[in-house]
Amino acid sequence: MKQLLLAVSALSLVAGSAMAGPTDDYADVLMRNLSAGPDGVMLFDYASARDNGDHATIKAFIAEQTALTPSQMSDAEATAYWANLYNAVTLDVVLDDYPIKSIRSLGPFTSGPWKRDVVTVEGEVLSLDNIEHDILRVDYATPYIHYMVNCASIGCPNLRNQLWTAEGLEEDWAEAAQAFINSDRGVKIDRKGRIAVSKIYKWFSEDFGETEDDLRSHLPKHATGD
């Protein structure tokens, strides 16, 4: 299967850093391998990335990022850093075993690729779950985290094909949220006016507020049209 349904973020160093070396090369990898699919889903061409040597570029980017010290970054810089690293590692994990039908082929949520120790940052060995649930959702808590990270599934929000940086982060959050909420993958209204939302809003309901009313307040902020 040439393409897996995966929303991919263009990855970067923190805001204000000039793109160079692995970061610049990695941004080019994403631009060359992304294409738009059904319902606005961004598809990453794993076959092309494998055949063109782009996997090595992704690994070089991860190595560069893990040598940095996010504990010395501002909150906005660190948020961008951790989300970018998460997405790069997700690509790397899929490519390590490609071709596969789905990332779920590598194991269930309870014991699969999300639980593996995959990177070491500032001396701490981390899994994808550690990055998302123990760092991003705890130290840099915001519901917009869920529009930044990608779970390698068609049900995930699209991640930007530009570099995540601290500069303009809130505007970029709003753009990503709008893209997802206005797709049927995010929020769908049937002919009877009933609303169905992505399971992301159930799994991480506490991140969107204490009650369902908080979620009902969040969604219209980014919804368009009727």
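What you are looking at is a predicted structure, and each value in this text was computed from that prediction instead of being measured. Each chain has its residues counted from 1, running along the sequence as written. Selection of residues for local features in this predicted model requires a pLDDT of at least 70, selection of side-chain atom pairs for listing and counting requires 80 or more, and totals for whole chains, interfaces and linings are taken over all residues. Only heavy atoms go into the side-chain values, all of them from the structure, while hydrogens and water stay out.

**Side note on the nonpolar core**
Piece 1. Grouped together as the largest cluster of nonpolar side chains are 59 residues, with contacts concentrated most on Trp82, Leu85, Val119, Ile131, Tyr147 and Tyr201.
Piece 2. A run of H or I in DSSP becomes a helix once it reaches four residues, and a run of E becomes a strand once it reaches two; helices and strands are each numbered from the N terminus. The leading source of residues in this core is helix α4 (residues 75–97), at 13 residues.
Piece 3. Beyond its immediate chain neighbours, meaning those up to four positions away, isoleucine 131 contacts Trp82, Leu85, Tyr86, Val119, Leu126 and Leu136. We define a nonpolar core as any set of buried Ala, Val, Leu, Ile, Met, Phe, Trp, Tyr and Cys residues linked to one another through side-chain atoms lying within 4.5 Å. When a residue's accessible area, from a 1.4 Å probe over protein chains only, is under 20% of the maximum for its type it is buried; when over 50% it is exposed; and in between it is partly exposed. Contacts are assigned to residue pairs with any non-hydrogen atoms lying within 4.5 Å of each other.

**Brief notes about the packing of aromatic side chains**
Piece 1. Ring pairs are drawn from Phe, Tyr and Trp, using the six-membered ring of Trp, whenever the two centres fall within 6.5 Å, and their geometry is named by plane angle: stacked under 30 degrees, edge-to-face over 60, tilted for the rest. Counted by the stated rule, this structure contains nine aromatic pairs.
Piece 2. An angle of 70 degrees between the planes, with centres 5.1 Å apart, marks the rings of phenylalanine 44 and tyrosine 46 as edge-to-face.
Piece 3. The class for tyrosine 46 is buried, based on a relative accessible area of 0%.
Piece 4. Ring centres of tyrosine 144 and tyrosine 147 lie 5.8 Å apart, and the angle between their planes is 45 degrees; on these two criteria the pair is classed as tilted. In this pair, the class of tyrosine 144 matches that of tyrosine 147, namely buried.
Piece 5. Counting every residue linked through ring pairs, the aromatic cluster contains Tyr144, Tyr147, Trp173, Phe180, Tyr201 and Phe208.

**Points about the state of the cysteines**
Piece 1. The definition used for a disulfide is geometric: two cysteine sulfur atoms within 2.5 Å. Counted by the stated rule, this structure contains one disulfide.
Piece 2. Disulfide partner of cysteine 151: cysteine 156, at an S-S distance of 1.7 Å.

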